[in-house]
Amino acid sequence: MAADIDFDRIPRSAVPGLLARAPKAELHMHIEGSLEPELIFALAARNGVALRHASIDALRAAYAFTDLQSFLDIYYAGASVLLHEQDFYDLAWAYFEKAAADNIVHAELFFDPQTHTARGVPIGAVIEGLSRACADARARLGVSAALILCFLRHLSEEDALATLAQALPYRGHFIGVGLDSAERGHPPGKFQRVFARCAALGLRRVAHAGEEGPPAYIEEALDLLGVARIDHGVRAVESPALMARLARERVPLTVCPLSNVKLRVVPDLAAHPLPQMLAAGLAVTVNSDDPAYFGGYLNQNLLALFDAQPRWGAREAYRLARNSLEASFAPPPAQAAWIAALDAEFRQAALWSGGRP
Ligand code: HPA
Ligand code: ZN
């Protein structure tokens, strides 16, 4: 923690504003999960794609999920309107405008190439459209952006290896690889060979683990895939030994509170394990996962989480923002500059508050 910030002087009433203004990194956001119903209908009309739902309202009404799979079915159907390079650009640009409004200074976006190549979309259209939006986000919004290619774990490792081979001509456009889709029955170890190849290529590695899957999947992701971060990881709280390891090794966990409620990983935000994880010294970060489907972008996740934690104050707000910056794959000098800006925001709040709790 920044030693010279007097967090106790910052009243709780100042915290929502601080959360919103703080420079933050988003590290767990599936770009296809930021596809809003309005854009689904606009792209369907532009591309002549028929949709199952008659209206935006009817589509939104279908967003009542019972578990991860019930969400994935709707999420993959929504992505079917994405066909051309410009569609991927428009999708990512819409997200970056929202990210800038949330004071996200750095975003690492997941994308699922197999969802698109299986429909005949060239992988180049996917990667080039997203990458062009990342370049524009840097140039026009001042948002630093990078791409992480995710393998779909319900498909085979051979399919993942073929996807990696297809993506290699675009190697300069993505910084790493991840693992997503249906977790149960698809342990990280299934992808050991493809992750080893990615490691040899110098790609960063992350994996979803411990969302619906058991704590052992988190251990597999660390030990067999060599990941630098765990996506979700909330089921770690079921294993005291794993909690101790995650704290000792300062393994970042990209936690997604609203997602976990919508997919019934937890009953409600008051019961969310993130406070327990933070208190145990884990490097937890807050993220939006699939914001168009789960009811909120990053700041809405943070505000909802704090609403459910009346005892939390400026110290926790600072910790979560700082964790997000430190857990990013951005170069250390960029991280240091963002942390300096974060410190300035909180220092200012402590000076102006007059010490009233
Ligand atoms: N879990 C697994 N796969 C996903 C998710 C998720 O939360 N969102 C998009 N693909
Ligand atoms: Zn996810």
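Look a little higher up for the structure.
Attention in this report is confined to the structure presented alongside it.

The rules we used
Residues numbered from 1 in each chain as written. Chains lettered and ligands numbered in written order. Predicted model: local features only at pLDDT ≥ 70, side-chain atom pairs only at ≥ 80, totals over all residues. Heavy atoms only, no water. Core = buried A, V, L, I, M, F, W, Y, C linked by side-chain atoms within 4.5 Å. Buried < 20%, exposed > 50% of the residue type's maximum accessible area, 1.4 Å probe, protein only. Contact = heavy atoms within 4.5 Å. Helix = DSSP H or I, 4+ residues; strand = E, 2+ residues; numbered from the N terminus. Pairing = 2+ DSSP bridges. Donors = N, O, S within 2.8 Å, 3.2 Å for Na, K, Ca; no water. Tetrahedral: all angles 85-135°; square planar, octahedral: opposite > 155°, others 65-115°. 1 Å grid on protein atoms, 1.4 Å probe; cavity = no way out; pocket = protein on both sides within 12 Å on 5 of 7 lines; lining within 4 Å. Points joined across faces, edges and corners; volume = space filled by probe spheres on them. Nonpolar A, V, L, I, M, F, W, Y, C, P; charged D, E, K, R; others polar. Axes fitted to C-alpha atoms, helices over the stretch in contact; angles between N-to-C directions. Left-handed = near helix turned anticlockwise from the far one by under 90°. Parallel < 35°, antiparallel > 145°, perpendicular 65-115°, else oblique.

## As for the nonpolar core
In step 1: One finds Tyr95, Phe96, Phe151, Tyr293, Leu320 and Phe346 to be the most contacted residues of the largest nonpolar core, which totals 114 residues.
In step 2: In this structure, Tyr95 is in contact with Glu26, Met29, Ile31, Ser34, Ile104, Ala107, Leu109 and Tyr297, ignoring residues within four places of it in sequence.

## Here's the deal with the pairing of strand β2 (residues 104–111)
In step 1: Across the eight residues that make up β2, a large majority, eight, are buried.
In step 2: Judged from the five bridges that link them, strand β1 (residues 24–30) and β2 form a sheet pairing that is parallel. If you follow Lys24 over to β2, its bridge partner there is Ile104.

## Re the coordination of the zinc ion (ligand 2)
In step 1: Distances from the zinc ion (ligand 2) to its protein donors, His28 (NE2), His30 (NE2), His208 (NE2) and Asp289 (OD), fall at 2.0 to 2.2 Å.
In step 2: Between the four donor atoms coordinating the zinc ion (ligand 2), the angles at the centre fall across 81 to 173°, so the site counts as irregular.
In step 3: Along the chain, the residues donating to the zinc ion (ligand 2) fall in the pattern H-x1-H-x177-H-x80-D.

## Observations regarding the layout of surface pockets
In step 1: If you add up the space inside the largest pocket, you get close to 150 Å³.
In step 2: Around the largest pocket sit Ile40, Phe41, Ala50, Leu51, Arg52, His53, Leu59, Ile74, Ala77, Gly78 and Ser80, which together line it.
In step 3: Of the residues forming the lining of the largest pocket, the biggest block, three residues, is contributed by helix α4 (residues 68–78).
In step 4: Of the residues belonging to the lining of the largest pocket, the class tally is seven nonpolar, three polar and one charged.

## Overview of the environment of Asp136
In step 1: Structurally, Asp136 can be placed in helix α7 (residues 123–141).
In step 2: C-alpha separation for the pair Asp136 and Phe96, spaced 40 residues apart in sequence, amounts to 9.2 Å.
In step 3: Those residues in contact with Asp136 that lie beyond four places of it in its chain are Tyr89, Trp93 and Leu141.

## Thoughts on the packing of helix α5 (residues 85–101) against α7
In step 1: In the contact formed by α5 and α7, the axes pass within 7 Å of each other and the chain directions differ by 35°. Crossing handedness for the pair α5 and α7: right-handed. In this structure, α5 contributes Glu85, Gln86, Phe88, Tyr89, Ala92, Trp93, Phe96, Glu97 and Ala100 to the contact, and α7 contributes Ala125, Val126, Glu128, Gly129, Leu130, Arg132, Ala133, Cys134, Asp136, Ala137, Arg140 and Leu141.

## Remarks on the packing of helix α2 (residues 37–47) against α5
In step 1: Relative to each other, α2 and α5 sit at 165°, their axes nearing to 12 Å. With respect to their mutual orientation, α2 and α5 come out roughly antiparallel. For the crossing formed where α2 meets α5, the hand is right-handed. Side by side, α2 and α5 meet where Leu39, Leu43, Arg46 and Asn47 of the first sit next to Gln86, Asp87, Asp90 and Leu91 of the second.

## As for empty space enclosed by the protein
In step 1: The full count for this structure, using the stated rule, is two cavities of 30 Å³ or more.
In step 2: The space that makes up the largest cavity amounts to roughly 100 Å³.
In step 3: Contributing to the lining of the largest cavity are 14 residues, with His30, Leu68, Phe71, Leu72 and His208 lying nearest its centre.
In step 4: Tallying contributions element by element places α4 first for the lining of the largest cavity, with five residues.
In step 5: Looking at side-chain class alone, the lining of the largest cavity contains six nonpolar, four polar and four charged residues.

It is worth stressing that arrangement in space is one thing and function is another; only the former is reported here.
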